[in-house]
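Below are the chains, spelled out letter by letter.
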Amino acid sequence: MVYVTSQHIQRHSELVATLRKMRFYRANQAIMDKASMLYNRFKNTFLVGEGEEVVSASFLRSLLEEKEREEAQRAEQCREKLRREELLQEVKRRMGQVKEKKKTDGGGGGEEEEEKTEAPTDSS
């Protein structure tokens, strides 16, 4: 375990900037989660916990705005996921209707037609 103090954070401000960027690294969800966890832990520890330094109101406001943006992004991602799931369910439902219609219209002949189209491709 590495112990980090507020002096470390002040001396190495690029660490926080890198963590902030890594939170939006789309290639790997694990990296995004770990970076978010570390960034939030630093933010909570050094802004709320120790109280060694006086934090400007503009900085706190920017953190609050950033948190609100993240919440809005998460909500949008959840809505998008829900839309995709609903679309997938609709496609599955329609595919079931098409299969059912083929069964009732063709009297079960749809499966035989599929087999017939596959058979000529195997001829050698």
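### Quick notes on the overall build of the chain
Okay, so step 1: Regarding its fold elements, the chain presents five helices and zero strands.
Okay, so step 2: Listed by position from the N terminus, the elements making up the chain come as α-α-α-α-α.
Okay, so step 3: When each of the 124 residues of the chain is scored for burial, the buried share is 12%.
Okay, so step 4: Taking the contacts inside the chain whose residues are at least 6 apart along the sequence as the reference set, 43% of them involve residues at least 24 apart.
Okay, so step 5: Summed over all atoms, the accessible surface of the chain reaches about 10500 Å², with 55% contributed by carbon and sulfur.

### Thoughts on the confidence of the model for the chain
Okay, so step 1: The predicted model of the chain averages 78 in pLDDT, with 75% of residues at 70 or higher.
Okay, so step 2: Per-element mean pLDDT across the chain ranges from 50 in helix H5 (residues 109–118) up to 89 in helix H4 (residues 57–106).

### As for the environment of Phe24
Okay, so step 1: Mapped onto the fold, Phe24 is located in the loop between helix H2 (13–22) and helix H3 (29–49).
Okay, so step 2: Classification of Phe24 by relative accessible area gives partly exposed; the value is 37%.
Okay, so step 3: C-alpha separation for the pair Phe24 and Ser36, spaced 12 residues apart in sequence, amounts to 8.9 Å.

### With respect to the nonpolar core
Okay, so step 1: Counting residues in hydrophobic clusters, the biggest one holds eight residues: Ile9, Val16, Leu19, Ala35, Tyr39, Phe42, Phe46 and Leu63.
Okay, so step 2: Contributing elements (two or more residues each) for this core: H2 and H3.

### So, the side chain of Arg23
Okay, so step 1: Positionally, Arg23 belongs in the loop between H2 and H3.
Okay, so step 2: Here Arg23 falls in the buried class, since its relative accessible area comes to 5%.
Okay, so step 3: Within the structure, the side chain of Arg23 is placed 2.2 Å from the side chain of Glu70, a separation counted as a polar contact.
Okay, so step 4: In this view, Arg23 contacts Met32, Ala35, Ser36, Tyr39, Glu66 and Glu70; residues no more than four positions away in its chain are not counted.

The rules behind these values
- Residues numbered from 1 in each chain as written.
- Predicted model: local features only at pLDDT ≥ 70, side-chain atom pairs only at ≥ 80, totals over all residues.
- Heavy atoms only, no water.
- Helix = DSSP H or I, 4+ residues; strand = E, 2+ residues; numbered from the N terminus.
- Buried < 20%, exposed > 50% of the residue type's maximum accessible area, 1.4 Å probe, protein only.
- Contact = heavy atoms within 4.5 Å.
- Areas by Shrake-Rupley, 256 points an atom, 1.4 Å probe, with all protein chains shown as cover.
- pLDDT = per-residue confidence, 0-100.
- Core = buried A, V, L, I, M, F, W, Y, C linked by side-chain atoms within 4.5 Å.
- Polar contact = N/O pair within 3.5 Å; in protein donor to acceptor, adjacent residues only side chain to side chain.

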